[in-house]
Each structure stands twice: as structure tokens, then as C-alpha cells.
Amino acid sequence: MKKLLLTAFISISISNLSLAQCCSAGNPSTNNGAFGLSKNVLNVSSSILHSYSDTYFKGNQSIDWNYLKNMRFNFAMLSLEYGLTSKIKLTSEMGYFIDKSLRYGFIDQKRKAFGLGDLVLGFQYHLYNNRSRMITISPGMKVSFPIGAFDQMNGNIILPVDIQPSSGSFKLNPTVLITKQFPSSKLSASSFLSGEFSQRINTERTHYKYGNLYRANLKLIYQSSEKLNLGIALHFQHRNKAENKNEIMQYTGGSYLDLQPSFSYTLKQNYTLNTFIGIPIYKNVNGIQLTNKYSLGFGISKSFHLKTLKPQIAPDIL
Amino acid sequence: MKVVSLVLAIFGLAFLSSCDKENKENVTTEKPTIISLTSDKTQIKYGSSEPAKLKCTASGEDLNYIWEVDFGDLFIINSDGSEVQFTASPCCMGEKRISCEVSNGGGKVTKSIIITIIE
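Worth saying up front: this structure is predicted, and the values here are computed from it rather than measured.

With respect to the overall build of chain A
Right, on to step 1. Of the regular secondary structure elements, chain A holds one helix and 21 strands.
Right, on to step 2. Here chain A, with 318 residues, has 46% of them falling under the buried criterion.
Right, on to step 3. A sequence separation of at least 24 residues applies to 63% of the contacts in chain A between residues at least 6 apart.

Section: the overall build of chain B
Right, on to step 1. Within chain B, the regular secondary structure consists of one helix and eight strands.
Right, on to step 2. Starting at the N terminus and walking to the C terminus, you meet the elements of chain B as α-β-β-β-β-β-β-β-β.
Right, on to step 3. Here the analysis covers contacts within chain B between residues at least 6 apart in sequence; of these, 61% occur between residues at least 24 apart.

What about the pairing of strand β5 (residues 68-83) of chain A?
Residue and element names in this part refer to chain A.
Right, on to step 1. Bridge count between strand β3 (residues 41-59) and β5: 12 bridges; the pairing is antiparallel. Paired with Asn43 across the two strands is Glu81, which belongs to β5.
Right, on to step 2. A loop of four residues connects β5 with strand β6 (residues 88-104), the two strands running antiparallel in sequence.

So, the nonpolar core
Right, on to step 1. Of all hydrophobic cores here, the largest spans 46 residues; its most connected members are Trp67 and Cys92 of chain B.
Right, on to step 2. The leading source of residues in this core is β5 of chain A, at five residues.
Right, on to step 3. Beyond its immediate sequence surroundings of up to four residues, Trp67 of chain B is in contact with Asn156 and Ile157 of chain A together with Leu74, Val84, Ile98 and Cys100 of chain B.

Re the environment of Leu84 of chain A
Right, on to step 1. Looking at where Leu84 of chain A falls in the secondary structure, it is placed in the loop between β5 and β6.
Right, on to step 2. Note: C-alpha distance between Leu84 of chain A and Leu42 of chain A (42 residues apart in sequence) is 9.1 Å.

Quick notes on the sheet that holds strand β7 (residues 94-104) of chain B
Right, on to step 1. Overall, mixed pairing links the six strands, which are arranged β10(A)-β11(A)-β4(B)-β7(B)-β8(B)-β2(B) in an open sheet. Both outer strands of the open sheet, β10 (153-154) of chain A together with β2 (43-45) of chain B, are each paired with one neighbouring strand and no more.
Right, on to step 2. Here two bridges tie β10 of chain A to strand β11 (residues 157-158) of chain A, and the two strands are oriented antiparallel to one another. Bridging across to β11 of chain A, Asn154 of chain A finds its partner in Ile157 of chain A.

A closer look at the interface of chain A and chain B
Where the parts come together, the accessible area they lose is often given as the size of the interface.
Right, on to step 1. Counting residues at the interface gives 25 residues for chain A, matched by 20 residues for chain B.
Right, on to step 2. Counting residues per element, the ones that place at least two in the side of chain A that touches chain B are β11 and β21 (271-305) of chain A.
Right, on to step 3. Per-element tally for the side of chain A that touches chain B: the top contributor is β21 of chain A, with three residues.
Right, on to step 4. Bridging between β11 of chain A and strand β4 (residues 64-68) of chain B involves two bridges; their strand directions are parallel. Looking across to β4 of chain B, one finds that Ile157 of chain A is bridged to Trp67 of chain B.

Thoughts on the pairing of strand β12 (residues 171-181) of chain A
Residue and element names in this part refer to chain A.
Right, on to step 1. Taken together, the 10 bridges between strand β9 (residues 135-145) and β12 define a ladder with antiparallel strand orientation. Among the inter-strand pairings, Val143 is bridged to a residue of β12, identified as Leu172.
Right, on to step 2. Sheet analysis places β12 next to strand β13 (residues 187-198), joined by nine bridges and oriented antiparallel. By the bridge assignment for β13, Thr175 is matched with Ser194.
Right, on to step 3. Counted between consecutive antiparallel strands, the loop separating β12 from β13 contains five residues, among which Ser184 sits at a positive phi close to 55 degrees.

Some points on the sheet that holds strand β3 (residues 47-59) of chain B
All names here are of chain B.
Right, on to step 1. Strand order across the open sheet formed by four strands is β1-β3-β6-β5, with antiparallel pairing between neighbours. Both edges of this open sheet fall to β1 (33-39) and β5 (73-76), since each of them pairs with a single strand only. Neighbour-to-neighbour, the strand axes of this sheet turn through a mean angle of 25 degrees, independent of strand direction.
Right, on to step 2. When β1 meets β3, the two strands line up antiparallel, connected through six bridges. When the sheet's bridge partners are listed, Thr38 is paired in β3 with Lys55.

Thoughts on the confidence of the model for chain B
Reading fine detail from the predicted coordinates is not recommended where pLDDT is low.
All names here are of chain B.
Right, on to step 1. Summarising the model, chain B shows a mean pLDDT of 85, and 77% of its residues fall at 70 or more.
Right, on to step 2. Looking at the elements of chain B, mean pLDDT is at its lowest for helix α1 (residues 2-26), recorded as 54, and at its highest for β1, recorded as 97.
Right, on to step 3. At the level of chain-chain contacts, confidence expressed as ipTM amounts to 0.80, with global pTM at 0.84.

Remarks on the confidence of the model for chain A
Right, on to step 1. The pLDDT averaged across chain A works out to 87; a share of 86% of its residues lies at or above 70.
Right, on to step 2. Taken as a whole, residues 1-16 of chain A scores under 50 in pLDDT and shows 57 contacts with residues more than four places along the chain or in a different chain.

Brief notes about unusual backbone geometry
Residues and elements named next belong to chain A.
Right, on to step 1. Phi at Met134 is positive, roughly 55 degrees, even though this residue is not glycine.
Right, on to step 2. For Met134, the location among the structural elements is in the loop between β8 (128-130) and β9.
Right, on to step 3. Taking the number of C-beta atoms within 10 Å as the measure of exposure, Met134 has 14 and is therefore partly exposed.
Right, on to step 4. For Gln269, which is not a glycine, the phi torsion comes out positive at approximately 60 degrees.
Right, on to step 5. Turning to its location among the elements, Gln269 is positioned in the loop between β20 (254-266) and β21.
Right, on to step 6. Classification of Gln269 as exposed rests on a count of 7 C-beta atoms within 10 Å.

Considering the environment of Leu267 of chain A
Residues and elements named next belong to chain A.
Right, on to step 1. Within the fold, Leu267 resides in the loop between β20 and β21.
Right, on to step 2. By C-beta crowding, Leu267 is classed as exposed, having 11 other C-beta atoms within 10 Å.
Right, on to step 3. Sequence separation between Leu267 and Gly168 is 99 residues, and the spatial gap between their C-alpha atoms is 38 Å.
Right, on to step 4. Beyond its immediate stretch of four places on either side in the chain, Leu267 contacts Thr272 and Leu273.

The rules behind each value
- Residues numbered from 1 in each chain as written.
- Chains lettered and ligands numbered in written order.
- Predicted model: local features only at pLDDT ≥ 70, side-chain atom pairs only at ≥ 80, totals over all residues.
- Helix = DSSP H or I, 4+ residues; strand = E, 2+ residues; numbered from the N terminus.
- Buried ≥ 20, exposed ≤ 12 C-beta atoms within 10 Å, placed from the backbone.
- Contact = placed C-beta atoms within 7 Å.
- Pairing = 2+ DSSP bridges.
- Core = buried A, V, L, I, M, F, W, Y, C linked by C-beta atoms within 7 Å.
- Axes fitted to C-alpha atoms, helices over the stretch in contact; angles between N-to-C directions.
- pLDDT = per-residue confidence, 0-100.

Below is the structure:
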């Protein structure tokens, strides 16, 4: 049971989100991974994510720029993870933008979108496990499917691509998770590296390609009690410039570094509460861009060991 | 007897009313025509200082206007939705194709215009 709880906690505690960029279509980028992989364990988690952006940057300096006053979103996400074998874990994520809106600074108007985001399916493989050094390495792969809303309107206006709930693009997302535990210590560490490569959107409306995204996350977790775990992470991400109609969009992409404190608390019956806050500590954008001010996440998860589930109907009555 | 007469009268009115509705539905609406899509500028600077004003002139009945651009911001500036103001943030430099779709019960037509966003 302890192992199950540990697996549940760790898989959630690393589920920080990459919200450094304020304005891009589709789901907030996730970078979840797990230390442990328990066969036949299903982990179901539900999260609410909030992001707020109101600061323009030029390069690595904040500037006064009166165009967008702010941009925010509230995103509800459902994640499923299943240990297919002791080495392979299957993952899926789906989310819904309850509110994705922007307010202009130079005119008293706002734009609001809501609806289903992308569907993300993936797997993670437990490649390497050195028990004496307590190191594990788990590569994985995710694919995003643009199943959500990509043609939302506001009155007589079809909303621009960057506020649509779905990204409108298939994405490939290779990942590597490296974990390290320390003997007789309540401290553990993990590093999560990932990339995101988007397919060009080729429609009548646009020929847009998101810039490639590269992320690195370094996290320390301290188990302060049997139920409470505290975490602190440094999350770096770099996005290349986007392309539209085969031209590079010069004022897109950049580098961002966030500090992400988090905690996780295990309740009875394998329920786990977790929360984090994302605080930007360094931003360096190409040209002038609106950047993220803060992000928040709150979630609850539960793990089920499917082999131990009892049938609801006694077989002898059938 | 009075009740029967009343019921017959109600059914009669309902029948006449439905005939009238059918006749109305049978009247075909002509597909709209876009006469012109114009802009007071072909090139604007990013930001809000120099918006372009676009006008979609169309003929037909019960017209509905829908505007679209992939990146940039459109704001309706008149009551029927045939005129918009266009601005863009720095992200969106380059050529932008703005489309005006006009529709009614007879169908829809679309016309586009290119506006370039510069630094």
C-alpha cells in the first residue's frame, strides 16, 4: 500500500505545468512523469489551472506597452495514467477551457473563448533502474490530437488562432524523466526533459507552425511527514520562433525560467491533494510580447489497484 | 355545437397560418453578392495607433457578416457588422489576409483583402 501511495504522490507531484508563455492555443503544456510504475495501477487526477498575464517584455526587460491589458485562462484537466506492465505506463490528458479571455488596453473590449482543448495520449517506458544508486531513467512519447474548438467566434468575429481552445495542430512530445533518491534521506530529486514539435496547420485560414518547444525541469521533493510532501522546482523553457506562410514570425518565442513551489497531501483512501504556484523569475522574449505573471494549479487524484477491485455483482447470481 | 364551431375555427386559423408560413418558406432568398471589400490603409504599424478601417459592401436581404483573420484583432464598428477596425500586436507582422463572409438564407460568399503589418 505504501508503494502505491508513493507512486500516486510522485506521479502527481511532478505534474507541474508549463505556463510561462501567456498566449498560445491549445492545452497548457504538461510535463508529468512518474518515479515509479506500478503494474495495474490506474491513477485518475483532476486539476484546475489558472494563468494570468499582464506584463509586456522587450527582450529581458519589462516595458510599458498599451495593447493587451491582460490575458487569463482557467483550464480544467482530467488525466489518466495506467501501469500496463511494470515497465510501461500509458497516459492520457483531456481538458476544457472554462474561460480563456483577453482584455484590450486601448479599447474597452474583450475576447472570450471556451471549450475543449486537445487530447494527449502517451506512454512512458521504465528503461533504467540502478537500485544501488537509486537512479531511474524513463523516456516517453506523447501525441496531441487537436480535437477541440478551433473556430470559436465572438459576435461577428472568428477569434484569432492564439486564443482558440484547441491548438489546431498535431504535436509530438518526446520526454525523459530522470529520478534520484538518496539513502536514508527524505529528499528526492527529479529532472524532466522534453520537446514539443508541432505539425504545420494548413487550412484556408492559416499556414501556421508553432515554434519548437524545449523544456527542462529540476525538482527537489522533501517528505516532511508520511502524508505531506513539499516540492520546489526550477522550470526552464525555450520556444523557437513560429512560422506563418513560410515566413518566420520574429516577435514570437523566447526563454523563460519559473520557480514552482508545490505541496502534496495524501488523504484517506488513496486520495491526494496537490497544488503549485508558478512564479516567473527570468524572461527573455523575442521582440515585444505579453508574458505570464503567475500561474496556479490545484488538483486531486486517486489511485486504484485494478487487480484488487472486487466485482460489484457476485458471479454465482448470474 | 358552439364548442364544435370554436374548435373548427381554431383549426381553420391554424391551417391558414401554416399555409402562410409555407408560402413564406417557399420564397427563395437570393444569394448575397459582395460588391466591394475596401480598406483605408494597405499597411499599418503594429500596435493600436494606426488602425485600418475596412468596409464590406454587399447586396441582398437579411445579410449577416462574419470577419476572420488568423492573427490580429478585428473590432466591429457599425451596427450591421459590415465595417471593422483592424489592429495587431507585434507578434503578427507581415501580410494578413482578412476575410469578410456575407451570408443569408440563399447562401454565402467570401471576399478577402491583404493588409501588411509593419514595425
